[in-house]
Amino acid sequence: MKIINILPTHPPRGFFSNVTEDHPPLGLSSIDFENSDRIEKYPYWIVYDYTDGFHSRMAQSLLKLDPSLEIECWSLYEDIEEVFEKNIEGIKFRLFPVKKGKTLYGRFKGVSYPQLTTLLNSEIKKKDTLIHLHGIHNPYMNSIYKKCNFSKIPVVGTQRGDISPFFDITRKPWKIFDYFIERSVFSNIDFFFAQSVSEVNY
């Protein structure tokens with residue numbers, strides 16, 4: 001069985017604040033440094049986040065339970081134009097380019113990552129894959145929600161700190177769009193890991 005862990009975030013801007021062609025981001029573990037790729041322009045270093053990524057930690061734990069599993073970890077990366085892939089300790093990592101665009105009168109930014117959603121739809125058609133979505137309320141997840149149909153495969157959703165847009169509508173009325181997107185998709189998610197009673201009730 002294949003398990004695809006998807007964490008639709010990218011390294012924070014501060015992660016690359018002091019990088020150069022010769023100096024990697026500060027604080028890299030030895031395994032992340034050894035497996036990083038170099039490119040000729042900013043951000044210069046492609047780091048797969050084996051050590052600290054929530055999706056990677058989950059993948060490592062699953063492999064300890066069942067080494068026969070085929071596991072991938074997908075995430076996003078700004079300022080790249082192609083997909084980067086690497087196998088690290090039995091886990092296949094894929095980093096996808098992400099593009100930002102302003103919407104709703106410039107009040108917030110939407111994102112797109114067509115290579116990820118296209119490949120995900122291809123994997124969904126195989127029907128022998130489990131999808132694990134990390135950060136179900138992350139606004140970056142919306143492109144997946146809108147472009148992928150989870151009705152015919154097993155899907156797990158994990159809350160990773162973000163709150164439901166429902167609880168933020170009064171302060172940020174535009175969040176109502178996120179709320180309706182989530183409500184249209186969550187019925188196709190088979191199992192949730194929630195962090196609070198209010199999240200369970202939602």
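Structural data are supplied above this passage.
Treat the numbers as computed from the prediction; the structure is a model and nothing was measured.

(A) Focus on helix α5 (residues 175–185). Inspection of α5 places Lys 175, Asp 178, Tyr 179, Ile 181, Glu 182 and Val 185 among the buried residues, and these make up the whole buried set. The arc enclosing the buried residues of α5, seen along the axis, measures out at 165°, which places them on a common side. Turned more than 90 degrees off the buried face of α5, the exposed positions are Phe 177 and Phe 180. For α5, the elements touching its buried residues are α4 (142–147).

(B) How the structure looks around the nonpolar core. Leu 120, Ile 131, Leu 133, Ile 144 and Phe 150 are the most contacted members of the largest nonpolar core, which totals 26 residues. With three residues, helix α3 (residues 114–126) is the largest single contributor of residues to this core. Setting aside residues up to four positions removed in sequence, Leu 133 forms contacts with Ile 6, Met 141, Tyr 145, Phe 150, Val 155, Val 156, Gly 157, Thr 158 and Ile 189. Residues Ile 3, Phe 16, Tyr 50 and Val 156 belong to the second largest nonpolar core, which totals 24 residues.

(C) Up close: a nonpolar patch on the surface. A contiguous nonpolar surface patch, about 310 Å² in accessible area, is contributed by Ile 176, Phe 177 and Phe 180. Mapped onto the elements, Phe 180 comes out in helix α5.

(D) Layout of the packing of aromatic side chains. Inspection of every chain in the model, using the stated rule, returns 10 aromatic pairs. Consider the rings of Phe 15 and Phe 16, whose centres lie 5.0 Å apart with planes at 85°: the pair is edge-to-face. In this structure an aromatic cluster arises from ring pairing among Phe 15, Phe 16, Tyr 42, Tyr 44 and Tyr 77.

What counts as what
- Each chain has its residues counted from 1, running along the sequence as written.
- Thresholds applied to this predicted model are a pLDDT of at least 70 for local features of residues and 80 or more for the giving and counting of side-chain atom pairs; totals over whole chains, interfaces and linings are not thresholded and use all residues.
- Excluding hydrogens and water, the side-chain figures rest on all heavy atoms present in the structure.
- Each residue is placed in one exposure class: buried if its accessible area under a 1.4 Å probe, protein chains only, is under 20% of its type's maximum, exposed if it is over 50%, and partly exposed if it falls in between.
- Each helix is a run of H or I in the DSSP string that is no shorter than four residues. Each strand is a run of E no shorter than two, and both are numbered from the N terminus.
- Directions pointing from the helix axis toward each C-beta atom define the arc.
- The contact rule is simple, with two residues in contact once any of their heavy atoms fall within 4.5 Å.
- To define a nonpolar core, start from buried Ala, Val, Leu, Ile, Met, Phe, Trp, Tyr and Cys residues and group those joined through side-chain atoms within 4.5 Å.
- Exposure above 30% relative accessible area and the lack of any salt bridge qualify a residue for a patch; like charges then connect within 9 Å, and the nonpolar side chains Val, Leu, Ile, Met, Phe, Trp and Tyr within 5 Å.
- Reported accessibility uses the Shrake-Rupley method at a 1.4 Å probe radius. Residues are deemed covered only where the shown protein chains occlude them.
- Definition used for salt bridges: Asp or Glu carboxyl oxygen within 4 Å of a side-chain nitrogen of Lys or Arg.
- Centre distance within 6.5 Å is the pairing criterion for rings of Phe, Tyr and Trp, where only the six-membered ring of Trp is used; planes under 30 degrees apart are then read as stacked, over 60 as edge-to-face, and the remainder as tilted.

Note that all results are geometric; they support no functional claim without further evidence.
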